[in-house]
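Structural overview for review
Each chain, written out:
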Amino acid sequence: MATNATIALIVQSTWLRPFVFIQLTPLSLLLSEEDRRDGRTALSVSRAGGSLSKTTALAPRAGLIKTPTKTTMTATHTHRNDRPSLLAFGAAVAIGTTLVIVSLQHVLLASKQPNKDTLMDSMLTRARGSYLRSHPRQDFMPATDLSGQDGFFSTDAVAKRAERAERDDFFPSGLFDWHDEFFSPFLESPFLKEFQRQHHMMMEPAFKMDEDGDQVSLVMSIPDVPLKDIDIEVVGGRVIHIKGEKTKDSSHVSFDKRFSIGQHLNESNLKAKLTKDGDLVVTAPKVGTGKKDEVRKIPIQEEFQEPTPHQSSANKQTAMAAADTIVSQAAGPGGRGIDALCLGSGRFLRSVLVPFLSARCKPAVFQTRGRTFVDSFQSECGDGVVDGKGLAASLQYEADTKQFDGTVSTDNIEVYAAGTLGTPAGKSHLMDDLLSKLNDLSVIGVGVTEAGLQSADKQCMLDLTKVLCKAYCNKLKCSNPLGRICVVNTDNVPNNGDVIRGHVLANAEKYVSEKGGEGFVDFVHHKVAFLNSMVDRITSSRPESNGLVPLCEPLPAKALVICDPGRDLPQWMDEGDVQSRFGVKIRHDQKELDGDIALKLRVANGTHTAVAHLMSLLSLANTEALCDKSPASETILSYLDSLYETQILPAAMNDGILAEETNAAWKDWRQRLLHPHFGLSTFFITQNGAAKCGVRLGPTIKGLVTGSVCKDDAGDQSLSVSMALAVACLLRFLTPVSSKRAKEPGWAERVDDAMRRGVYVGWLDRKGNTADNGKKTVTYADGLRYNLGEGWYEFRCDCVLRGRTPASAPNDANRLEREISLPSALSKLDGRQPSSYEEVVRSYLLHPHGGDLGSLLEGDDVDEELSRARTLDTFVSSVCTLYARMVNGDSIIDLMQEMATKQHVYANGFASPCACLAGIPSSTQNGLKPVHYKPRSIPDESNLLNSHSGLREEEVHAVVFSEVSGQQVIDLHTHLLPPSHGALCLWGIDELLTYHYLVAEYFMTAPASISPQSYYALSKQEQADLIWDALFIRRSPVSEATRGVLTILVALGLEDHVKSRDLAAVRKYYDAFRDGGLSGVERFVEQVYRISGVKYAIMTNIPFDATETQHWRPKKKEYPATFKSALRVDPLLAGDKKTIEAALKASGYGTTLADARQYLHDWADTMQPEYMMASTPHDFYLAPSEGGGALAGVQKVGVNESAMKTPFAFADLPADDCKGCEETDNLPSVINEDSDFLTDVLMPVCEERNLPLALKIGAHRAVNPSLLSAGDGMVAFADTGSLARLCGRFPKVRFLATFLSRANQHEACVLASKFRNLHIYGCWWYCNNPSIIREITRMRVEMLGTAFTAQHSDARVMDQLIYKWAHSRAVIAKVLAEEYQKTISSGWTLTREEVRSDISRLFGGSYEEFMRKVLTE
């Protein structure tokens, strides 16, 4: 007793406590063996009696972390010392020695007590040395880029972290960053904490930290501690110090906690409150610059408990002794009548599964964590709580349903027991008591989310395993048809029943050494049915109900779908009326459930994901906005309808899902989505968006690509812009603010704050909803917020891609592979062109945790894989186009309006194919493959044209090829005539094959038996057959003329016929148009113009040719605006008096110069030509002028429509319909500079009418007359002197010129730079070959910039427009891309708008500018 008294004296001396541990450890020898074996026994001392006592720590309260929340002092036990007196004497000596030493220490240290400054320094030093924050920040910073270049991996992560560590108010620990920046606990040495617990009577309160909007709270559990014994003070504005003590009759404990205060808290406005549950709540607003007092006391407000309407005065005792389990009297004695058990009390389980079970069963609900559910029934127990178990007359909870008219209906759902597994007593009540009394157990509902199903060692899986083990050990009966207990989960984890079964079996294997052993494993295999299920009912909670009262949408038809292939469920569950009443479907085939899941994922979840991201970006924070009838909501609904009709429905049908079922699912979901009084937060839906793309949108994309829709000629047309928009909006949402965008006030701080918390900050659409967008920060998920007024939101994304460092030059092969998060990859490409995003987007779409489209690249054969790869590339490119527009500032709502109103490329609205948005594939950007016209996917008003970053060198090719492809052209010179001109309109396969280029090529290798005369004696079809066989069958079609035919046929969709060399099939295709007569020809011409991208073509019209004049006089034939005329005047330029006089006389004019001028004026009035034109030879000799001559044989006829329906009508023309056709372009064409016709007729008329004169210089006609037109065109050097003299002599007349000889091109460029009334255009005749086009275009760009017209087709057959322009676009684009790269390398920042403007000039814009030019002397 003396020894005990001495110990008590020492411990009660507070100033001695820090030193007691020096001698107290040997004192444990005096404890009994029982006490020393008990690891939970703590040494404590009673203040009153000074005797030793044992203290047992209880389990922590639910919801809090750290150490036990309560320290209960047990009764005092005095320990006798029955050992020999020698041992007692030794102990007494040791104690005495201790007292002396401690007294001396105290005297020495008393003079060195720290002041406040040294105390603060000590605390901070200790914090730096020992503090580790509880939540390490996610490593979302990009990996270090060893190359040091800008791109995916340009951030020096280590340096950045070190820099932040120095500027933060946090206590740095090496180079580690931490997540919690508000309250941070100081952690002590584990040994010291244990010693304090055992020897200093120190309690370790549990605590947690919460964040709610603009406020942060620190909650510390200190039950039974009175307010008067709690003290809170702030030290130096940096540390909050909380201490207190709890004293009872037989015990005394204290606590002492310190927390650092982060820089983002306003410590001057700290508030404290002690709740009725014994929780100390310290709150502080975020972001403050309060005064940093040295030491400041914080007052504490006490919360008083007031009775609720459901709580009688008799409940005061109940609150002190709350029941962990409450059983309804309706469950029978001890709950024997209970036959269904629910582990979990989530809102969905309580709003769907429990009501369904209550229809015929008596379910019990046990909350897995916490006790809020069972506490809601405490008032029903009255005073009948014994050993934590309560008995109630009945147990019912409420569940609300928000109807479409806004009213709320409330159902009272009966349960037969309620409990918690969050306390040892509650778990024991279920496992050891209730399960031993049940007569029957048919169904176990499991309210476990995806997190709870991640592994077998999750507590919920362990609890379920134990329940089943108890059922096995107790030999619990099951009344189900096959005697198998059915386990049903209420979360949408794929194959959730199978997953749970695997976890339970894994746990069961661990039970073999316990009671039951291997028999339990067999029991799980054969006596438990784990059923797969699907749930679908939107559920929130009644306001101010603390989540206890579910608030649901009206019951859907498939709120819960359970697959019961073995028919193990109770038989009553198969009754249709019961199922319809509770929104339950019981399936007996896994394929049926798979279909239900597929429909839910594709229809409901897919459209939900698509709409949530775009609505969030538009500041439409709740889906109820879809019901407001605004233009934006109508557009969004139109978009969703199209997404379903053109994407989801066809894909579902391709995958074997019936259209009837799919339409029913969409009808049901659309109605639910448009509930005007029950919407969901769109921001909430966006969570985990990166993975949702693959889960919810991926199946539809796969179904469209691999299904039967893609087997027809549509190819990748099945994927529409509506799907591309969904993915682009998702990626736009996952794009954080880049460093360039974070320069505005407030953004840098906001971004830094988010980075420390492991989240990203995005920016809202500039045209988002502005109504009611106050600057209120809203928390929409755990640690995630948005502020519509300030235009920002936060998000998380853990999708990590394999990226490459940026290219230092185009086609740079020395690029390193790095891992990078999706948001970081996207933000580093801020302001780029669509092609720059393709690598990231493709990587994301193929990623298993992203778009999950990797399986698309696995086809049955190589051809199928290549086809799918091309389809994927098209889709990626279309997504990138929309995404690039969004991040460059184009509003999403503007994009949707373009689609909805069918503007620009969206001819079919939201159903327009993705191909209309795709850029030119990189494989085509080589100048070798044809580049066909494709309308621009980026309109002139897009911000993308003037991206602030300009074009990167590696982007130039993609941008130039895209812009060249999208540029409509003005074809300055052709020999085409409209369908209204009958036989003069040449088109069709036979005209293509008998074009003079191919005729000349044919005769190079034609057999000697075939002479030109015999060839021309054949019909057009027979001539075409010879050339097809000789140049396409017997030889490869590698010449430009033969390759042109292939390009035309493939562009017309005849690729299969080309591969099979089936000329007959090709002719059949053309016959379909020919059978339509004039309208058929017009349709074909429109198609050619559309494919070739020709805005309008300028014809060659000859008033001196009777064959053509019949279509102009006496009445001009009508023709479309896509044809414009040019008045050919070769005889006037050459001074051909005979031809001129003959034409004048035949038309009733005199033969004077005035008559000749009037003749031209009249024809100009008739034709309204773009210009006068003539073709001149290379030698410019003056032909002798002969008088007389007349135009004879003129026969004026109209279009013979019946003849046009005849096969090959355009190939075999009647003689009177085509008289002189071969001579059409063989008129005398010499320049007589001294001719009166030139100086007194042609030039004055051009000047008076402001008409240019177009000259084609260098033609040498009739080189081989026997070949007719195929014998023209020997190339020879021409003297440009005549052109120079014309430009100088007639400065008010504009001249357009092109040369046939390659040797003249340089001289022509020099000449064009000397005369402002001269414009060079095109690559004529034999210069119209890719190699020559490339050379001439490069030289012209280098010498003239963009002050010329790059090309004209010179086409004679309508179809040739397709190949002439497709081949020319490819070559010119390649040249321009290389020239632009030189410009960028020289230091110029180039924009897409500038590129577009240049290309527009080169393909006709410069010509139109030249035509508008006003010339003076």
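A quick note: this is a predicted structure, and the numbers were derived from the prediction, not measured.

Secondary structure summary: the chain contains 46 helices and 43 strands in total. Every one of the 1417 residues in the chain was classed for burial, and the buried ones make up 54%. Approximately 60100 Å² of the chain is accessible, and the part contributed by carbon and sulfur atoms is 52%.

Before going further, it helps to examine the pairing of strand β6 (residues 215-221). Counting buried residues along β6, six of its seven residues qualify, which places the element largely inside the surrounding structure. Note that β6 and strand β11 (residues 279-285) share seven bridges and pair antiparallel. What sits directly across from V219, in β11, is V281.

Turning our attention to the side chain of T609. Summarising the element assignment, T609 is placed in helix α16 (residues 590-617). Each residue touching T609, except ones within four places of it in the same chain, is listed here: K692, R696 and L730.

It is worth spelling out the packing of α16 against helix α17 (residues 631-654) at this point. Helix packing geometry: the angle between the two helix axes and the distance between the axes. Axis separation between α16 and α17 bottoms out at 11 Å; the angle between their running directions is 145°. Regarding α16 and α17, the two cross each other, and that crossing is right-handed. Touching R602, V603, T607, A610, V611, L614 and M615 of α16 are I636, Y639, L640, L643, Y644, I648, A651 and A652, all from α17. Residues belonging to the contact of α16 with α17 are distributed by class as follows: 13 nonpolar, one polar and one charged.

Two aromatic rings, taken as a pair, are described by how far apart their centres are and by the angle between their planes. Considering all chains together, one arrives at 39 aromatic pairs under this definition. On the numbers, 6.0 Å between centres and 50° between planes, the contact of F733 with F795 is tilted. With a gap of 62 residues between them, F733 in helix α21 (residues 721-733) and F795 in strand β33 (residues 792-795) connect regions that are remote in the sequence. F733 gets classed as buried once you look at its relative accessible area, which sits at 1%. The exposure class of F795 is buried, given its relative accessible area of 2%. Each ring, one from Y1002 and one from F1003, has its centre 5.2 Å from the other, and the planes form 70°; the classification is edge-to-face. An identical accessibility class is assigned to Y1002 and F1003; each is buried. Feature note: the residues F683, F733, Y760, Y780, Y786, Y793 and F795 constitute an aromatic cluster, connected by ring pairs. The ring of W1163 is capped by R1113, whose NZ or CZ atom sits 3.9 Å from the centre of that ring.

Time to look at the pattern of salt bridges. Overall, the coordinates contain 53 salt bridges when judged by the stated rule. A single network of salt bridges, built from pairs that share partners, joins R1338, E1342, K1374, E1378, E1379 and K1382.

A word on the state of the cysteines. Counted according to the given criterion, the structure contains zero disulfides. Cysteine C478 shares no disulfide, and the gap to the nearest cysteine sulfur, in C486, comes to 6.5 Å.

Next up on the list: the sheet that holds strand β25 (residues 533-535). The strand order across the open sheet built from three strands is β25-β28-β29, with neighbouring strands paired in mixed fashion. Bordering the open sheet on either side are β25 and β29 (584-587), each of which pairs with just one other strand. Strand-to-strand, the axes of this sheet are offset by a mean angle of 10°, without reference to chain direction. Bridge count between strand β28 (residues 560-563) and β29: four bridges; the pairing is parallel. Within the sheet, the bridge partner assigned to I562 lies in β29 and is I586. Running at roughly 25° to β25, α16 makes contact with β25, β28 and β29 of the sheet.

This part is about the sheet that holds strand β19 (residues 395-402). The pairing of strands in a sheet comes from backbone hydrogen bonds and takes either a parallel or an antiparallel form. The sheet built from four strands is open, its strands ordered β20-β19-β27-β26 with mixed pairing. What marks the edges here is a single partner per strand, and that holds for β20 (408-415) and β26 (539-541). Looking at each pair of strands side by side, their axes are set apart by 35° on average, direction ignored. In this sheet, strand β27 (residues 550-552) lies alongside β26 in antiparallel orientation, the contact comprising three bridges. Note on β27: the bridge partner recorded for T539 is C552.

Between its first and last C-alpha, helix α13 (residues 496-509) extends 20 Å over 14 residues, near the 20 Å set by a 1.5 Å rise per residue. Listed in full, the buried residues belonging to α13 are N496, G497, I500, H503, V504, L505, N507 and A508. Where α13 is buried, its residues meet α12 (459-473), β23 (485-489), α14 (518-527), β24 (528-531) and β25.

A separate point is the environment of A652. For A652, the position within the fold is in helix α17. Overall, the relative accessible area of 1% leaves A652 in the buried class. A652 sits 50 residues away from R602 along the chain, and the two C-alpha atoms are 8.2 Å apart.

Analysis parameters
- Residues numbered from 1 in each chain as written.
- Predicted model: local features only at pLDDT ≥ 70, side-chain atom pairs only at ≥ 80, totals over all residues.
- Heavy atoms only, no water.
- Helix = DSSP H or I, 4+ residues; strand = E, 2+ residues; numbered from the N terminus.
- Buried < 20%, exposed > 50% of the residue type's maximum accessible area, 1.4 Å probe, protein only.
- Areas by Shrake-Rupley, 256 points an atom, 1.4 Å probe, with all protein chains shown as cover.
- Pairing = 2+ DSSP bridges.
- Contact = heavy atoms within 4.5 Å.
- Axes fitted to C-alpha atoms, helices over the stretch in contact; angles between N-to-C directions.
- Left-handed = near helix turned anticlockwise from the far one by under 90°.
- Nonpolar A, V, L, I, M, F, W, Y, C, P; charged D, E, K, R; others polar.
- Phe/Tyr/Trp six-rings, centres within 6.5 Å; stacked < 30°, edge-to-face > 60°.
- Lys NZ or Arg CZ within 6 Å of the ring centre and 35° of its normal.
- Salt bridge = Lys/Arg side-chain N within 4 Å of Asp/Glu carboxyl O.
- Disulfide = S-S within 2.5 Å.
- Expected span 1.5 Å × (residues − 1).

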